[in-house]
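# Observations on the model geometry
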Amino acid sequence: MLDRRTVIAGCALTVTAFAMAATPAMAEPAPAAAGVSASSAVKPPPSLIEAMQRDLGISAAEAEARIANESRAAATETAVQAKIGDSFAGSWVTGPASATQVVATTDATKASAILTAGAQPTIVGRSLSALTAAKEALDKAAASAPASTSAWYVDVRTNSVVVQSSQPAEAEAFVAASGADKAAVRVVQSSEQPRTFYDVRGGDAYYIANAARCSVGFSVRRGSTNGFVSAGHCATVGSSLTGYNRVAMGSFQGYSFPGNDYSWAAVNSNWTPRPWVRGSSGNVTVSGSTVAVVGASICRSGSTTGWHCGTVQQRNTSVRYSQGTVSEVTRTNVCAEPGDSGGPFISGSQAQGVTSGGSGNCSSGGTTYFQPVNEILSVYGLTLVTG
């Protein structure tokens, strides 16, 4: 059921003082210190520790100590900022276990208060409020920022506001025009090209060549290529696709219709395949694709009518459309309407297939057929993304 409606910082002045300043010892995952929430003392889950080991290159013991130290550091930052007031210039932790916390201040007389809190003081030229003011000036001028300027941020470690750009001269002009304190701003060469990220989720809309709408079936992968399956009657190989938000999404890689009614599309790096189907009040996680028996309950998600359920009536059905006959589909008493095409059918947590077509509607009821998903996976060598 394809919807054919046309879719019209100056460098840091940091001077490290108090070489003999006390440095907190590496913490063990122990009971929470005063001011630290009880939840922060809860032993972190193994999956978190494993991910930290993998991505930060640290040991399990360092990961656990790091979590405890960072929880204390957050509480210390709040307390110290309140104590030293406007001279506060930010804080940060260092070391593989975040065992040392540094607090920057513009007032050397505040060093003892920082030491008493268990942190290492460093004296700088600008307060956090001064850095924030410089960044806010850039924010107000954001509409005039050149495309070559990818980001700007307060960098407390260097006591500056950093502007990233692939064309520093353009960034310098942007800073000058913004009215920000130029002495507080550093422009750095950067090749970063930030982009937004979106989820591929069953039941969400996608648009074909800006002229028609269908629904995502299930997230899949083929090797390192991410994508999704949908209905074949939605597809033309190579057709450009945009997502529910009209952001470029990818293109069809293959389809079959009539005879069958399936397709698969590859998505670009802006999109992440998720093991989800959009339900009535949240996501339903897909855990496999075991075929449901006749009489089993089954639900469908689509971008027109949302979430509807019924039962499996018959498998191995052939249905005749005006474009030709589609064989080996499954017949259900779930309703659907134009635009729901390609959307997922799921029984429990098991993927069943993608919406093909049918009769009736979701006001008076109807019959809908789906193309079994396992055939699509087999034909194109796809792997279902599961939770």
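That block above? That's the structure.
Predicted model only: the values in this text are computed from it and were never measured. (Residues numbered from 1 in each chain as written. Predicted model: local features only at pLDDT ≥ 70, side-chain atom pairs only at ≥ 80, totals over all residues. Heavy atoms only, no water.)

Time to look at unusual backbone geometry. A cis amide bond, omega -10°, links F257 with the succeeding residue P258. Within the element layout of this structure, P258 appears in the loop between β14 (248–256) and β15 (262–267). Despite not being glycine, N210 shows a phi value in the positive range, around 60°. Relative to the helices and strands, N210 resides in the loop between β9 (205–208) and β10 (212–215). Phi at N316 is positive, roughly 50°, even though this residue is not glycine. Tracing the backbone shows N316 in strand β19 (residues 306–321). (Helix = DSSP H or I, 4+ residues; strand = E, 2+ residues; numbered from the N terminus.)

What follows deals with the side chain of S165. With respect to the helices and strands, S165 occurs in strand β6 (residues 160–165). Engagement of the side chain of S165 in a polar contact is seen with the backbone oxygen of S148, the distance being 3.2 Å. In contact with S165, not counting residues within four places along its chain, are S148, T149, A171, V188, Q189 and S190. (Polar contact = N/O pair within 3.5 Å; in protein donor to acceptor, adjacent residues only side chain to side chain. Contact = heavy atoms within 4.5 Å.)

Moving on, we get to the packing of helix α1 (residues 46–56) against helix α2 (residues 60–84). At a minimum axis distance of 9 Å, the contact between α1 and α2 shows a crossing angle of 105°. Taken together, the axes of α1 and α2 are roughly perpendicular relative to one another. Of α2, the residues touching α1 (which contributes L48, I49, M52, Q53 and L56) are A60, A63, E64, R66 and I67. Tallied by class, the residues present in the contact of α1 with α2 amount to seven nonpolar, one polar and two charged. (Axes fitted to C-alpha atoms, helices over the stretch in contact; angles between N-to-C directions. Parallel < 35°, antiparallel > 145°, perpendicular 65-115°, else oblique. Nonpolar A, V, L, I, M, F, W, Y, C, P; charged D, E, K, R; others polar.)

Here a ring pair, both rings aromatic, is described through the centre-centre distance and the interplanar angle of the planes. Tallied over the full model, the rule gives seven aromatic pairs. Taken together, a centroid distance of 5.8 Å and an interplanar angle of 90° make the contact between Y262 and Y380 edge-to-face. You can see Y262 sitting in strand β15 and its partner Y380 sitting in helix α6 (residues 373–380), a full 118 residues away along the chain. Overall, Y262 belongs to the buried group, its relative accessible area being 5%. The exposure class of Y380 is buried, given its relative accessible area of 15%. The structure contains a cluster of three or more aromatic residues connected by ring pairs, namely Y198, Y244 and W271. (Phe/Tyr/Trp six-rings, centres within 6.5 Å; stacked < 30°, edge-to-face > 60°. Buried < 20%, exposed > 50% of the residue type's maximum accessible area, 1.4 Å probe, protein only.)

Glancing now at the sheet that holds strand β22 (residues 350–361). Taking strand neighbours around the barrel as the criterion, the six strands line up as β18-β19-β20-β23-β22-β21 in a closed arrangement whose pairing is antiparallel. Adjacent strand axes in the sheet meet at a mean angle of 55° when their direction is disregarded. Looking at chain direction, strand β18 (residues 297–302) and strand β21 (residues 344–347) are connected through two bridges and run antiparallel. When the bridges of β21 are listed, R300 appears paired with F345. Docked against the sheet, α6 engages β20 (324–332), β22 and β23 (365–372), running at close to 25° with respect to β23. (Pairing = 2+ DSSP bridges.)

On to the pattern of salt bridges. Per the counting criterion, the structure on display carries eight salt bridges. For D204, the salt bridge is made with R278, and the minimal N-O distance between the two is 3.8 Å. Here the residue D204 occupies a position in the loop between β8 (198–202) and β9, and R278 occupies one in strand β16 (residues 271–278), the gap between them amounting to 74 residues. Note on R278: relative accessible area 23%, which makes it partly exposed. In this structure, a network of salt bridges that share partners links the residues R201, D204 and R278. (Salt bridge = Lys/Arg side-chain N within 4 Å of Asp/Glu carboxyl O.)

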